[in-house]
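A structural walkthrough
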Amino acid sequence: MLSAFGRLRYQESQFSQWQMDVSRVPAPPFGESSRAEWLADRFREIGLAEVQIDQVGNVFGIRHARPGSLRANRFVSLSAHIDTVFPTSTPLHIHQQGTRLYGPGVSDNSAGIAAILAIAAVLGSSQVLHALPFVFIGNVGEEGEGDLRGMRHVFETPRWRDSIAYSVIVDGAGSDTVVAEALGSRRFEIVARGPGGHSWTDFGAPNPVVVLARAIQALSETPVPAAPKTTFNIGVIRGGTSVNSIPESASMRVDLRSTSMIEIDRLERALRLALDRAMDAENRPAAVRSIRRHSTVQCEIVEIGNRPAGELDPASRLLKVIRAVDAHLGNSAIVQRASTDANIPLSLGREAIAVGGGGTGGGAHTLQEWFDCTGRDLGLRRILLTMLALAGIGE
Ligand SMILES: [Zn+2]
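What comes next is a walk through the structure. Every chain is numbered independently, its residues counted from 1 as its sequence is written. Per-residue local features are limited, in this predicted model, to residues with pLDDT of at least 70; the limit for side-chain atom pairs, both in listing and counting, is 80 or more; totals at the level of whole chains, interfaces and linings are taken over all residues. Side-chain figures throughout are based on the complete set of non-hydrogen atoms in the structure, without hydrogens or water.

Looking now at the packing of aromatic side chains. Side-chain rings of Phe, Tyr and Trp (the six-membered ring for Trp) are treated as a pair once their centres are within 6.5 Å; stacked means planes under 30 degrees apart, edge-to-face means over 60, and tilted covers the remaining angles. Under the definition given, this model contains four aromatic pairs. Geometrically, the ring pair formed by Phe-60 and Trp-160 is stacked, given 5.1 Å between the ring centres and 5° between the ring planes. Linking Phe-60 in strand E2 (residues 59-63) with Trp-160 in helix H6 (residues 158-161), this pair joins segments that are 100 residues apart in sequence. Between buried and exposed lies partly exposed: a residue is buried under 20% and exposed over 50% of the maximum accessible area for its type, with that area taken using a 1.4 Å probe on protein chains only. Take Phe-60: its relative accessible area is 2%, and that puts it in the buried class. For Trp-160, a relative accessible area of 5% gives the class buried. Aromatic side chains Phe-134 and Phe-136 sit 6.4 Å apart centroid to centroid with 85° between the ring planes, which places their arrangement in the edge-to-face category. Across the pair, Phe-136 and Phe-134 agree in class, each one buried. Taken together, the ring pairs in this structure connect Phe-60, Phe-75 and Trp-160 into an aromatic cluster. Secondary structure counts use DSSP, requiring at least four H or I residues in a row for a helix and at least two E residues in a row for a strand, with both numbered from the N terminus.

Here's what the structure looks like:
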C-alpha cells in the first residue's frame, strides 16, 4: 500500500506527460475516436485486461478481482470523459512551465484521464488485491451537445448496467469537492413559424416574434422553488427579416434546470402552456382579420438536451466511504451539486460521485486553460483509497 502511495507521488512526471500527450489528440464532441484509440493503447500498456472500444466510442479496461473472490461480478468503475468542448480546428498548443500545464482541455478533462491512468498504472505495478474488480472507462459525450451520451450508453448496456455497483467519476482538477447531487437540465429550441408579410399591407397577420415574446413574458413569471433549486433561462432568441417585414419565423433556446425531475417536468408544462396561450392570443384576431389560408403562427418544440437529475442517498455506502477517506487524509471537501456523468447512474438510483483528479486548474472551456500538478498526489490517494474501500480487500 505504501509503495502504491509512493508511486502516486514519484511517477508525477509520467502522469503529466500522459496529460499533455492526450491533450494533443483532438476530441471534439462526436469526434473522439482518435483519442479513444490513444487511451486504449495506454490501457493495454499498463496491463489492463479486456481492453475494448464499444460502438459509441467508450474505452474500457478491466483489472480483475483477486483470485477466488466471490463477488467478481460486481464492478467499481472509475471513469473520465474524453471529449472536449473544442472544435476540430482548435490549435492544441499544449506546453509546460514548471508545475503548470497550459492548453485547451488540459484540465477538463485531461486531468481526469491522467488520474484514471495513474490509478490503473499504480495498481498494476503493486501487489494490492481487491475483492471487487475494477473497470476503467474513458467515455465520450459528456460536454454540451454530447448530452451524456457515453455514460448513457454504458448504463444501457446490460453487461455494465447490471454489474457496476459503484461509479467514481473523475472530472477536472481538485481534491476538495464531491459531486453527489446531479443537477438535471432539459433544453429546448422553439421555432415559431407564420405567414410573414409586409409590415403595412399585411398588418394584422400573426407575428412569430410576438408569440415568443408573449411566451417569454408568461414563463418568466412562473414561480420556482428555492429548494430544490430550480431555474430557467431564455438564452438565445433569433428571428425576423427586416424592420418592415412581419417575420416568417423566430426561434429561442430555453434551459430548465433543477435537482428534482418533478420540478423540471413542471417547468416544461409551464413552457408548453405559455406557448399555447401565446399562439392563441396572437392567432385569434388574425383568424378574423386575415383572408389568407394557413395564416396562423405554429410552434415546433425540439428537445436539444436532457440530463436527468438525481441525488446520492446520504446513508449510501459511497458517501460514507468518501467522507471516511477525506477524514483519514485530513482533506476537507464539500458536497456539491453539478451536471456530470454521475447524473446517469444517480438518476437510475445507483451510487455514484464525481471528484477531481487532484492538483488545481482553471480556465476550463477556454484556450487559456491550465492545470497545476502541485498536490496531485492527494487527489490520487483519495481516489485510490475510495476504490479500495469500495472494493474491499478482505473476505
Ligand atoms: Zn469535464
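Formed by 78 residues in total, the largest nonpolar core has its most connected members in Phe-43, Leu-78, Ile-119, Phe-136 and Ile-353. For this core, the leading source of residues is helix H4 (residues 110-124), giving 10 residues. The contact definition used throughout considers only heavy atoms, calling two residues in contact when any of these lie within 4.5 Å. In contact with Ile-119, not counting residues within four places along its chain, are Leu-8, Leu-78, Phe-136, Leu-380, Ile-383 and Leu-384. To form a nonpolar core, buried Ala, Val, Leu, Ile, Met, Phe, Trp, Tyr and Cys residues must be joined to one another through side-chain atoms within 4.5 Å. Counting 18 residues, the second largest nonpolar core, distinct from the first, contains Leu-212, Ala-215, Ala-274 and Val-297.

Quick look at the layout of surface pockets now. As a volume, the largest pocket reaches approximately 610 Å³. If you trace the largest pocket, you find 30 residues lining it, with Asp-108, Asp-171, Ala-338, Ser-339 and Thr-340 closest to the centre. Mapped onto the lining of the largest pocket, the elements with two or more residues apiece are strand E8 (177-182), strand E9 (184-193), strand E16 (334-338), strand E17 (351-355) and strand E18 (360-362). Ranked by residue count, the leading element in the lining of the largest pocket is E18, at three residues. In the lining of the largest pocket, the residues fall into six nonpolar, 15 polar and nine charged. Here a cavity means grid points, on a 1 Å grid over the protein atoms only, where a 1.4 Å probe fits yet cannot get out; a pocket means an open set of points with protein on both sides within 12 Å along at least five of seven lines; lining residues are those with an atom within 4 Å of a point. Grid points are joined across faces, edges and corners, and a volume is the space filled by probe spheres set on the points. Taken as a whole, the second largest pocket spans an internal volume of roughly 260 Å³. Around the second largest pocket sit 14 residues that line it, and Arg-187, Arg-253, Val-254, Asp-255 and Ile-304 are the ones nearest its centre. When contributions to the lining of the second largest pocket are tallied by element, the ones reaching two or more residues are E9, strand E11 (230-239), strand E13 (249-258) and strand E14 (298-307). We call Asp, Glu, Lys and Arg charged. Ala, Val, Leu, Ile, Met, Phe, Trp, Tyr, Cys and Pro are nonpolar, and the rest, Gly among them, are polar. Here the lining of the second largest pocket is composed, by residue class, of four nonpolar, four polar and six charged.

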